[in-house]
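So the chains spell out like this:
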Amino acid sequence: MISMNIKYLRTKSGMTQEAFAEKLDVTRQTVAKWESGESLPDIRKCADMSAIFEVSLDAMVTMPLDEQMETEDYKDGKNVFGIVKVGERGQVVIPKVARQFYDIKAGDKLLVVGDKRGMALAKIRSFSDFSFGG
């Protein structure tokens, strides 16, 4: 998965293998080997790549981050946007692709709902926007 993601994200960002290699302090040949699946980057380089591309490390190594996922896979209404870690004060960073999909911006209000099976977030303008009907 990571080899496909590296190539996809690098080309999507408009970087050549050489430019990307320079950012990561590796050779172009190393990037080519990662993209072909001939070798794998170490965890530090994976973390560097996730920062460059603004994706979670988990998504970088486990999820397909290609054009099809960004458009077609979200049409059926059932989406997995990645795994997030809760900060020590309860902060949750919503993955970039989910923020884009739901048009969530700084200052937006999110309603947190749940039952014994789990919880969910809903973007609302005010509490009256949310219906508990079914």
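Being a predicted model, the structure only gives us computed values, none of them experimental.

**Focus on the overall build of the protein**
- Tallying secondary structure elements over the protein gives 7 helices and 2 strands in all.
- Looking at the 134 residues of the protein, the share that counts as buried comes to 25%.
- Taking the intrachain contacts of the protein between residues at least 6 apart in sequence as the baseline, contacts between residues at least 24 apart amount to 36%.
- As displayed, the protein offers around 9,600 Å² of accessible surface, 53% of which is attributable to carbon and sulfur atoms.

**A look at the packing of helix α2 (residues 17–24) against helix α4 (residues 43–53)**
- Viewed as axis vectors pointing N to C, α2 and α4 meet at an angle of 115°, and their least axial separation amounts to 10 Å. Like other packed secondary-structure pairs, α2 and α4 cross with a definite hand, here right-handed. In this structure, α2 uses F20, K23 and L24 to contact α4, whose residues at the interface are K45, D48, M49, I52 and F53.
- Residue composition of the contact of α2 with α4, grouped by class: 5 nonpolar, no polar and 3 charged.

**Regarding the pattern of salt bridges**
- Following the criterion strictly, the structure yields 5 salt bridges and no others.
- As a salt-bridge pair, R10 and E35 come within 2.5 Å of each other at their nearest N and O atoms. Of the two residues, R10 sits in helix α1 (residues 2–12) while E35 sits in helix α3 (residues 28–36), which places them 25 residues apart along the sequence.
- With a relative accessible area of 11%, E35 lands in the buried category.
- Residues D42 and R44 are paired through a salt bridge, measuring 3.8 Å at the closest nitrogen-oxygen approach.
- Classification of R44 as exposed rests on a relative accessible area of 61%.

**Section: α2**
- Of all the positions in α2, only Q17, F20, A21 and L24 are classed as buried. An end-on view of α2 places all buried positions within 100° of arc, on one side of the element. Projecting away from the buried face of α2 at angles above 90 degrees are the exposed residues E18, E22 and K23.
- Buried residues along α2 sit against α1, α3 and α4.
- Of the residues one or two after α2, D25 is the one with positive phi, at around 60°.

**Here's the deal with the environment of R99**
- Relative to the elements of secondary structure, R99 occurs in helix α7 (residues 96–101).
- In this structure the C-alpha to C-alpha distance between R99 and F81, which are 18 residues apart in sequence, comes to 9.6 Å.
- Discounting chain neighbours no more than four positions away, the residues touching R99 are V93, I94 and I104.

Reading guide: rules and limits
Along each chain, residues carry numbers from 1 onward, in the same order as the chain's sequence is written. This being a predicted model, a pLDDT of at least 70 is required before a residue's local features are given, and a value of 80 or more before pairs of side-chain atoms are given or counted; all residues contribute to the totals for chains, interfaces and linings. Calculation of side-chain values draws on the structure's entire complement of heavy atoms; hydrogens and water are dropped beforehand. In DSSP terms, a helix is any run of H or I states spanning at least four residues, a strand is any run of E spanning at least two, and both are numbered starting from the N terminus. Accessible area is worked out with a 1.4 Å probe on protein chains only. A residue is then buried under 20% of its type maximum, exposed over 50%, and partly exposed in between. Only heavy atoms matter for contacts: two residues are in contact if any of them lie within 4.5 Å across the pair. In this description, accessible areas are obtained by the Shrake-Rupley approach with a 1.4 Å probe, and a residue is regarded as covered only by the protein chains that are shown. Throughout, an axis means a line fitted to C-alpha atoms (over the contacting stretch in the case of helices), and angles, computed between N-to-C directions, take values from 0 to 180 degrees. Throughout, a crossing is termed right-handed when the near helix is turned clockwise from the far one, and left-handed when it is turned anticlockwise from it by less than a right angle. Each residue is assigned to one class: nonpolar for Ala, Val, Leu, Ile, Met, Phe, Trp, Tyr, Cys and Pro, charged for Asp, Glu, Lys and Arg, and polar for all the others, Gly among them. By definition here, a salt bridge exists when the distance from a side-chain nitrogen of Lys or Arg to a carboxyl oxygen of Asp or Glu is within 4 Å. Arc definition: directions from the helix axis to the C-beta atoms.

Geometric descriptors of this kind do not, in isolation, establish any biological role.
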